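# Chains, contacts and geometry: an overview
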Amino acid sequence: MSEQRNPAIVIVGSGFGGLGMAIQLIRSGFHDFVVLEKGDDLGGTWHENTYPGCACDVPSHMYSFSFELNPGWTRMFAPQPEIKDYLRRTADKYAVGSHIRYGSRVERMEYDDDARRWNVTLADGTRYTPKAVVSGIGALHVPSFPDIPGLDSFKGRAFHSAEWDHSYDLTGKRIAVIGTGASAIQFVPKIAERAARLHLFQRTAPWIQPKPDQPIPKGVRRLLRTVPGAARAVRYGIYWALEARAVGFTVDPRLSGPMELLARRHLAQQIPDPELRRKVTPDYTIGCKRVLLSNDYYPALTRPNVDLITDGIAEVREHSVVTADGRELEVDCIIYGTGFKVVDALMEQQVVGRNGVKLQELWAEGAEAHHGVTLPGFPNFFMLLGPNTGLGHNSVVFMIEVQLQHILSCLRLLADRGGDAIEPRPDAVRTFNDRLHRRLRRAVWNEGGCDSWYLDANGVNRTLWPGFTFEYWKSSRRARPEDYVITR
Ligand code: NAP
């Protein structure tokens, strides 16, 4: 028997986005909301990704909430357990816990125009009927698996980096790793130490820079905690250093020359063998794909038990992987470091707006939203890290916080005008996205000579913000009343 509940707001997901929304509502004195979380704990991506070596690749003093600085980060780039712990402590501090419903997998969200409410249906049949929905599901949580003949016939252990099988001891095993992206370069050095043999399948070489990671001494942490303004000053410093990277990405790729030089030098210093060096040297402009940071990935490739294979995989058999040039490699385990299905994340939940229009129909020509947050025909529906609000150069937590302000200002507009529903005007959405895509056309992600998950099937970038993050802050933190229709 299904139950029905009607809080004013449903937040989907308890990662940085969902928790941030919950905290901002609580800080505004609003408590009539629930957070629906499909997992058994909070943290979103930082709960799901537990692979060895999992850590942030944005400095932690910036990859955290501006309203909840953490002077206690133990490293410049905190490992996953510490980030999850930060999220838990922050949630506890603001008493978010009582609002979270774990094991609540949302299957369908449909707007009822007569009742002016959303019907949010969970996998177990429970139904919520809120006035507003905030989707904080993020873009990177539906694992992507390669389409290789014979994959299902494999009899050994196989798992994705985001679903790490900790019950399986990799010590002494022959392992195939597919993918050399942000996740793989973190876990490869860790498992290479234990593997008997590690075959690493690289399709495209990533650009990798040194990771300026180091422990933060206790004394420095004490200073950050006790000297007024110190932690904030560090955050500002990091913010502007990261922001400087956007110059090459968005203004002119030629301005990324120093970045490329740094990466080339790193490669030359860490890989003495010219043949291996050739294989891992990217053939596209730096920044076209996410620039990775690592000090231990290249050295791992030089280990005698590791081989880097660039020929591709022809097929997988019961106990082996066959390379495109015909070599059959016996393996005990395959680990997919093959990333996520980006667009499917929201599509996987069925979202239906006014007049039965599905999100898939609205996005038939490509995903877009007003400021990445709101959609015409989907009243009171708000997205966090929606289309074109991801970043290649700075912390997405910054973008989330701008979006939280945008959503709060929409809710305030609604309250001030005594309205029931708010949605963006189609012409405002058009103007915003036309400008954004004009700018993207000359950015490195389109011009840099690579293919990436930033681009959709038509080669259009639907994931990244095209400029500096302060530009997003300036344009998007407040909802402009003239951009919105409010229904009473
Ligand atoms: P990813 O960056 O998309 O990398 C996937 C890797 O798998 C790429 O090397 C890709 O090659 C390869 N691949 C995909 N499909 C393949 C196929 N069919 N055959 C062979 N190779 C294939 O995924 P990810 O490493 O999981 O990272 C995803 C995103 O998560 C990152 O971009 C980043 O935003 C985020 N992340 C962040 C952190 C952090 O520290 N903050 C850490 C990990 C991940 P191609 O390059 O040729 O496509």
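This section reports on the structure supplied with the text. (Residues numbered from 1 in each chain as written. Predicted model: local features only at pLDDT ≥ 70, side-chain atom pairs only at ≥ 80, totals over all residues. Heavy atoms only, no water.)

Okay, the overall build of the protein chain next. Check the secondary structure of the protein chain and you find 16 helices and 22 strands. Here the C-alpha atoms of the protein chain give a radius of gyration of 23 Å, agreeing with the 23 Å that 2.2 N^0.38 yields for 488 residues. Expressed along its principal axes, the backbone C-alpha trace of the protein chain runs to roughly 70 × 55 × 45 Å. The contacts in the protein chain between residues at least 6 apart in sequence include a share of 72% that link residues at least 24 apart. Within the protein chain, the 56 negative side-chain charges are centred at a point lying 7 Å from the centre of the 60 positive side-chain charges. (Helix = DSSP H or I, 4+ residues; strand = E, 2+ residues; numbered from the N terminus. Rg over C-alpha atoms; globule rule 2.2 N^0.38 Å. Contact = heavy atoms within 4.5 Å. Lys, Arg positive; Asp, Glu negative; His and termini not counted. Charge placed at Lys NZ, Arg CZ, Asp CG, Glu CD.)

A few words on the state of the cysteines. For the structure shown, the criterion picks out 1 disulfide. Residue pairing for C288: its cysteine sulfur links by disulfide to C450, the two sulfurs lying 2.1 Å apart. With the S-S dihedral at roughly -90°, the linkage between C288 and C450 falls on the left-handed side. With C288 in the loop between α9 (274-280) and β13 (292-293) and C450 in the loop between α15 (444-447) and α16 (469-476), this residue pair connects regions lying 162 residues apart in the sequence. Overall, C288 belongs to the buried group, its relative accessible area being 0%. Unpaired in terms of disulfides, C56 finds its nearest cysteine sulfur in C54, a separation of 9.0 Å. C333 forms no disulfide, and the closest cysteine sulfur to it belongs to C54, at a distance of 18 Å. (Disulfide = S-S within 2.5 Å. Buried < 20%, exposed > 50% of the residue type's maximum accessible area, 1.4 Å probe, protein only.)

What follows is about the pattern of salt bridges. Enumeration over the complete set of coordinates arrives at 29 salt bridges. Close ionic contact of K38 with E48 constitutes a salt bridge, the shortest N to O distance being 2.5 Å. In this pair, K38 is assigned in the loop between β3 (33-36) and α2 (45-48) and E48 in helix α2, connecting sequence segments 10 residues apart. Each of the salt bridges in this network shares a partner with another, and the network as a whole consists of D113, R116, R354, D420 and E423. (Salt bridge = Lys/Arg side-chain N within 4 Å of Asp/Glu carboxyl O.)

Let us look at the packing of aromatic side chains. One pass over the full model with this rule turns up 23 aromatic pairs. Through pairs of rings, three or more aromatic residues link up here, namely F16, W46, Y63, F65, F67, W73, Y86 and Y94. Here the guanidinium or amino end of R477 rests over the ring plane of W473, the centre of that ring lying 3.9 Å away. (Phe/Tyr/Trp six-rings, centres within 6.5 Å; stacked < 30°, edge-to-face > 60°. Lys NZ or Arg CZ within 6 Å of the ring centre and 35° of its normal.)

At a minimum axis separation of 11 Å, helix α1 (residues 16-27) and helix α3 (residues 80-93) run at an interaxial angle of 20°. With respect to their mutual orientation, α1 and α3 come out roughly parallel. As α1 runs across α3, the sense of the crossing is left-handed. Where α1 abuts α3, its residues F16, L19 and I23 lie against I83, Y86, L87, T90 and A91. For the contact of α1 with α3, the per-class residue count stands at 7 nonpolar, 1 polar and no charged. (Axes fitted to C-alpha atoms, helices over the stretch in contact; angles between N-to-C directions. Parallel < 35°, antiparallel > 145°, perpendicular 65-115°, else oblique. Left-handed = near helix turned anticlockwise from the far one by under 90°. Nonpolar A, V, L, I, M, F, W, Y, C, P; charged D, E, K, R; others polar.)

For the rest of this paragraph, the subject is a nonpolar patch on the surface. A contiguous nonpolar patch, built from Y236, W240, F470 and W473 and spanning about 450 Å² of accessible area, is present on the exposed surface. Looking at the nonpolar patch, the elements with two or more residues in it are α6 (230-243) and α16. Secondary-structure assignment places W473 in helix α16. Residue class for W473 comes out partly exposed when judged on its relative accessible area of 37%. (Patch = residues over 30% accessible without salt bridge, like charges linked within 9 Å, V, L, I, M, F, W, Y side chains within 5 Å. Areas by Shrake-Rupley, 256 points an atom, 1.4 Å probe, with all protein chains shown as cover.)

What follows covers the site of the ligand. A55, D57, S183, T204 and K289 are the nearest of the 22 residues found near the ligand. Side-chain polar atom of R203 to an oxygen atom of the ligand: 2.9 Å apart, as the coordinates give it. With the chains in place, 82% of the 910 Å² that the ligand exposes on its own is no longer accessible. Residue composition of the shell around the ligand, by class: 9 nonpolar, 9 polar and 4 charged. (Near = heavy atom within 4 Å. Polar contact = N/O pair within 3.5 Å; in protein donor to acceptor, adjacent residues only side chain to side chain.)

Formed by 105 residues in total, the largest nonpolar core has its most connected members in F16 and I335. Looking at this core, you find at least three residues from each of domain 1 (4-142 + 341-487) and domain 2 (151-214 + 222-336). When residues no more than four places from it in sequence are discounted, the contact partners of I335 are F159, W164, L170, I175, A176, V177, I178, F187 and I191. Membership of the second largest hydrophobic core comes to 24 residues, among which are L122, V351, W363 and F381. (Core = buried A, V, L, I, M, F, W, Y, C linked by side-chain atoms within 4.5 Å. Domains from an automatic or database assignment.)

A few words now on the sheet that holds strand β7 (residues 127-128). Judged by pairing direction, the sheet is mixed, and its 5 strands sit side by side in the order β1-β7-β6-β5-β19 without closing on themselves. Of all the strands in the sheet, the pair left with one neighbour each is β1 (4-5) and β19 (350-352). As judged from the 3 bridges shared by strand β5 (residues 106-112) and β19, these two strands associate in the parallel manner. Bridge pairing links R108 to Q350 in β19. (Pairing = 2+ DSSP bridges.)

Taken together, the buried positions of α16 are T469, Y472 and S476. In an axial view of α16, the angular spread of the buried residues amounts to 50°, which keeps them on one side of the axis. Where the residues of α16 are buried, they touch α6, α13 (396-416) and α14 (426-440). (Arc of directions from axis to C-beta.)

On to α3. With 14 residues, α3 ought to run about 20 Å at 1.5 Å a step, and its terminal C-alpha atoms sit 20 Å apart, in line with that. Of all the positions in α3, only Q80, E82, I83, K84, Y86, L87, T90 and A91 are classed as buried. Residues of α3 that are buried sit in contact with α1 and α2. Note on α3: the residue one or two positions beyond its end, A95, has a positive phi of about 55°. (Expected span 1.5 Å × (residues − 1).)

This part covers the side chain of H437. Here H437 is to be found in helix α14. When its relative accessible area of 13% is taken as the criterion, H437 is described as buried. The contact partners of H437, leaving out residues within four places of it in the chain, are N388, V460, N461 and R462.

In short, shape yes, function no, at least from these values alone.
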